[in-house]
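A closer look at the structure
Listed here are the chains, written in short residue letters.
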Amino acid sequence: MTDDELIWRIAGGSGDGIDSTSQNFAKALMRSGLDVFTHRHYPSRIRGGHTYVEIRASDEEVKSRGDNYNFLLALGDSFARNPQEEAYYGDEEIKPLTENLDELREGGVIIYDSGLLDTDDVPNFDQRVEENDWHVFDLDLRGLAKEYGREIMRNTAGIGATCAIIGLELDVVEELMTDAMPEKILEPNLEILRESYEDVKENYDTDVGVTVPESEHEEEPVLISGSHGIAYGAMDEGCRFIAGYPMTPWTDVFTIMTQHLPDLGGISEQVEDEIAAAALAIGASHAGAKAMSGSSGGGFALMSEPLGLAEITETPLVLVESMRAGPSTGMPTKPEQGDLEHVLYTSQGDSNRVVFAPGDARESYIQTRKAFELAYNYQIPTIVLYDQKLSGGHQTVPESVFDEEPNPDIGKVVTEEEIEEGERLAGRFKRYRYDGEDGVSPRSLPGQKGGNYLASGNEHNEAGHISEDADNRVTQMDRRMSKLDAIRDELDAMDESHQTVYGDEDADYAILNFGSTKGAVEEAVDVLNDDGHSVKAMNVSDMLPFPKGEVNSFLEDVDEALVVEMNATAQFRRHIQGETGRHGDILYSLLKYDGNPFEPADIVDGFESQLDGSAEPAHNTRIESARGD
Amino acid sequence: MSVFNAIDEERDIDVNEFTPSLEPQATWCPGCGDFGVLKALKQAMPEVGRTPDETLLVTGIGCSGKLSSYFQSYGFHSIHGRSLPVARAAKLANPDLEVIAAGGDGDGYGIGGNHFMHTARENHDMTYIVFDNEIFGLTKGQTSPTSPKGHKSKTQPHGSAKSPIRPLSLALTSGASYVARTAAVNPNQAKEILAEAMEHDGFAHVDFLTQCPTWNKDAKQYVPYIDVQDSDDYDFDVHDRREAAEAMQEAEESLYDGQVLTGRFYIDEDRPSYQQEKQSTGDMPETPLAERYFDDDYEWERSYDLLDRHK
């Protein structure tokens, strides 16, 4: 972290163009040489309500949303002004101010749209401004936007004013708007941008201490979400079939894939439900295409049944699970890590699957590629588990990460010659033969001569015929289960582990976490070590097979470890203990499940509270003591 | 050269090719109507000119689900009610395959009812055979979606208060472009209808009346049936939606009074299949997707080329 950073929050109502405006502004900041990280907060409704997007930008690497923020652009919720008299909308107009002030840092900046908002309606506004030394700019953004175009363009007026205050030249924003906007709205937007910029420059004191530094990227960056990482990883592995049903936040991956697949000669299917979606992916994969499906908690619950079918028929299948707060429908637009056990154990019988939980956009790409590779090489279902935060948050990633050869290989498929020469069982192709090395028996594809067999969801013999023979059962089970050991060996042998260790190897204390908490934890480790503690962190991505060896040696000499996760029941800690069978006396938990992702300060406070009681844990987090073994 | 040579093969096909060389002992009860479906299907295959290797038979669970065990072809014995989504994706991935899905009345009209409606609506080019014996067989005789109102079973001891599903009408209103009913007691008609269904370019639904001698002796599937195409009493145009709907309604109502009407009820040869529709919107490749993974000359595009929009 650095003092020289901008954490800019644009707040308004859903449907007011908050998302698209912030996307463009984030790109502009990135183009001006900064590292960027975005965070979306939105309600489960289409129009109106309190929504914001935060963009953190710095000349140093930014890994999380950061602690609080220092620049508020409060636009007002245009949908709170409802023309229908009897419609219930509540007191929402001033939410962009009332809901956001608590987290605004001392000395921060507020721009508010006086065309829509009246600070007289905000309790103690002037007093709070004075106490916190905030710099307030009351600008009639709406009036300006209306003058040159339409009211919705007040977003642009807000950007112009922001640039004037933080000292960002307009050219990079203008260039971006020219790239992003259709011609007919471009000109009025450019006029609004310049007018607003000039107005603030001329009529206000902009020397308020919140600026962005000048910087340059060492490598060409791209601004990507975790969902993009997953979608691009899938496509680069030759995935050309996707089936799905819309559900937040999984829809992001589904729509990105759908947007591109037809152009790449692929097929996307929006179907009647999630059971069908996963079953379609199985059908396409069985016929010889690389296929995927996915959902979020509730929809993934429906996929439990086809997931087991893929396991026993040994059909390669990749599923994505984008977690949101549960149980049931829970909080559709809020992140949580409460589906870990759901994903690890769902479906009938003994579980045999691979689960990866990438920690950032770059890992989303890399691990999705690996998930496909393993699914097809080992004929096993693999799941990419991530959450709403990583799904929609954008961050800068070097373009070179994506510069990898495509891999359309679909694993062990026999040729018709091999079928002819191969051993048969009662004249039938031995699809599920026992002697497959690493547990994998080569498959034939429907349409291949002489290769017909039965892929059965019932236990079956080597040719696929249903069998309840005891010896066959044990042999087939053992063969299928042995794949996980082979996969573990393969993951262990990789040049670069999926687990990231951060901080000094010999540190006395450890933090363990998985998935999207990665960046916040790493920043917390920096703060803690600067404060004189001795802390290291490990972000675990391999959920199954679990990297026992790596975790054991990471925890070997530490006094205590804090397991940081976004759920109420310490699922990840339970998983670590279950897999390693150890560490029960040193694993403490820091839990957060209020619908907001961890900020670094939550982790710092939690750690210091647990370690020596020198801090209080943040009010919306909970510490849970070690349970013993 | 294709990896799927069986598909290009043209030769005379023998009925016996569809009998597994080691036929597993059938677990269907003596006198079960399911034997009739198996026999009719085997006999229909040579008529359509399809070999076991270019045919994919996807089944659900239950007695009907075992069809794929006794029929020699590529088979996928899936899960209860889910044969259709598995089958239609296989067909999308490789449209050159002959894809048949099969299930029972519980499987197809109960748990899989939603998939039935949507597969018919999309008009996937495939054949769907529903073994309709008005009972859950393998779970030992519970009331099914086609059991008559008042049907008594362990799960409906006071008699079912539910009216049965109307499979033909449901298929028609959902959008199936070929709808027929046949019966295990008439193998010749069954064979003809199955062959026609497979040759039909679109979703062909065959409600196949089968008798369950163990759990449903009361069902009317044993009685002589009337072929609506052969009888002057049932003169209607199978290409006319309205007339077809009326004929279906009559067939569905009279079934429970002991009058079994079978034959073709609706045929729409003009409606493009889902594959054709999707191709016309540019959402489906011309050559089978499954072929591409074996085409050494194919150039796989990378996401790298899409990154400009993120700069």
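Predicted model only: the values in this text are computed from it and were never measured. (Residues numbered from 1 in each chain as written. Chains lettered and ligands numbered in written order. Predicted model: local features only at pLDDT ≥ 70, side-chain atom pairs only at ≥ 80, totals over all residues. Heavy atoms only, no water.)

When its secondary structure is counted, chain B shows 10 helices and 10 strands. Taken over C-alpha atoms, the radius of gyration comes to 20 Å for chain B, in line with the 19 Å a tight globule of 311 residues would show. Projected onto its principal axes, the C-alpha positions of chain B cover 70 × 45 × 40 Å. The contacts of chain B with a sequence gap of at least 6 include a subset with a gap of at least 24, amounting to 72%. Just so you have it, chain B exposes about 12500 Å², and 46% of that area is on carbon and sulfur atoms. (Helix = DSSP H or I, 4+ residues; strand = E, 2+ residues; numbered from the N terminus. Rg over C-alpha atoms; globule rule 2.2 N^0.38 Å. Contact = heavy atoms within 4.5 Å. Areas by Shrake-Rupley, 256 points an atom, 1.4 Å probe, with all protein chains shown as cover.)

The next thing to look at is the pattern of salt bridges. Residue and element names in this part refer to chain B. Scanning all chains against the criterion turns up 58 salt bridges over all chains. Between Glu98 and Arg50 there is a salt bridge; the shortest N-O distance is 3.0 Å. Taken as a pair, Glu98 in strand 3 (residues 98-104) and Arg50 in the loop between helix 2 (34-48) and strand 1 (55-59) lie far apart in primary sequence, 48 residues in all. In this pair, the class of Glu98 matches that of Arg50, namely buried. With its nearest N and O atoms 2.8 Å apart, the salt bridge here joins Asp207 to Arg181. (Salt bridge = Lys/Arg side-chain N within 4 Å of Asp/Glu carboxyl O. Buried < 20%, exposed > 50% of the residue type's maximum accessible area, 1.4 Å probe, protein only.)

Here we come to a negative patch on the surface. Residue and element names in this part refer to chain A. A cluster of acidic residues, Glu147, Glu183, Glu187, Glu191, Glu195, Glu198, Asp199 and Glu202, forms a negative patch at the surface. Per-element accounting of the negative patch gives the leading share, 7 residues, to helix 7 (residues 183-203). Here Glu191 is to be found in helix 7. Taking relative accessible area as the criterion, Glu191 reaches 33% and is therefore assigned partly exposed. (Patch = residues over 30% accessible without salt bridge, like charges linked within 9 Å, V, L, I, M, F, W, Y side chains within 5 Å. Lys, Arg positive; Asp, Glu negative; His and termini not counted. Charge placed at Lys NZ, Arg CZ, Asp CG, Glu CD.)

On to the sheet that holds strand 4 (residues 126-132) of chain B, then. Spatially, 9 strands are ordered 17(A)-2(B)-1(B)-3(B)-4(B)-8(B)-7(B)-10(B)-9(B) in an open sheet, and the strand pairing comes out mixed. The open sheet has two edge strands with one neighbour each: strand 17 (454-456) of chain A together with strand 9 (225-227) of chain B. Going across the sheet, the axis of each strand differs from the next one's by a mean of 20°, ignoring polarity. In terms of strand pairing, strand 17 of chain A meets strand 2 (residues 74-77) of chain B through 3 bridges, oriented parallel. Across the sheet, the residue bridging to A:Leu454 is B:Gly75, located in strand 2 of chain B. Packing against the sheet, helix 7 (residues 187-199) of chain B makes contact with strand 3, strand 4, strand 7 (178-183), strand 8 (203-209), strand 9 and strand 10 (260-267) of chain B, and its axis sits at approximately 160° to strand 7 of chain B. (Pairing = 2+ DSSP bridges. Axes fitted to C-alpha atoms, helices over the stretch in contact; angles between N-to-C directions.)

Another point: unusual backbone geometry. Residue and element names in this part refer to chain A. The omega torsion across Thr248 and Pro249 is 0°, close enough to zero to call that bond cis. With respect to the secondary-structure elements, Pro249 resides in the loop between strand 8 (241-244) and helix 9 (251-260). Along the chain, Gly326 connects to Pro327 via a cis peptide bond; the corresponding omega equals 0°. Tracing the backbone shows Pro327 in the loop between strand 11 (317-323) and helix 13 (340-345). A positive phi angle, near 55°, is found at Glu314, a position not held by glycine. Mapped onto the elements of the fold, Glu314 is located in the loop between helix 12 (304-313) and strand 11.

Contact residues are listed per partner, giving 63 residues for chain B and 76 residues for chain A. Overall, the association of chain B and chain A removes approximately 5700 Å² of surface from exposure, summing both partners, and the carbon and sulfur fraction of that is 58%. Looking only at chain B, the three residues that lose the most surface to chain A are B:Tyr74, B:His310 and B:Lys311, adding up to 14% of its buried area. For the pair chain B and chain A, the number of links is 6 salt bridges. One salt bridge connects A:Glu305 with B:Arg82, and the closest N-O pair in it is separated by 3.0 Å. Inspection of the region where chain B meets chain A yields 36 residue pairs in polar contact (both at pLDDT 80 or more). (Buried area = accessible area lost by both parts, 1.4 Å probe. Polar contact = N/O pair within 3.5 Å; in protein donor to acceptor, adjacent residues only side chain to side chain.)

Once that is clear, we can look at the pairing of strand 8 of chain B. Residues and elements named next belong to chain B. Taking burial as the measure, the 7 residues of strand 8 include 7 buried ones, the bulk of the element. Along strand 8, one buried face is formed by Phe203, His205, Asp207 and Leu209 and the opposite face, lined by Ala204, Val206 and Phe208, is buried too. As paired elements, strand 4 and strand 8 share 7 bridges and run parallel to each other. Of the residues in strand 8, the one forming a bridge with Val130 is Asp207. Two strands pair when backbone bridges link them, and strand 7 and strand 8 are joined in this way by 6 bridges, in the parallel orientation. Each residue of the ladder has a partner; that of Arg181, found in strand 8, is Asp207. As for the winding sense of the linkage, the β-α-β connection from strand 7 through helix 7 to strand 8 is right-handed. (Right-handed = clockwise from strand over helix to strand, strands pointing away.)

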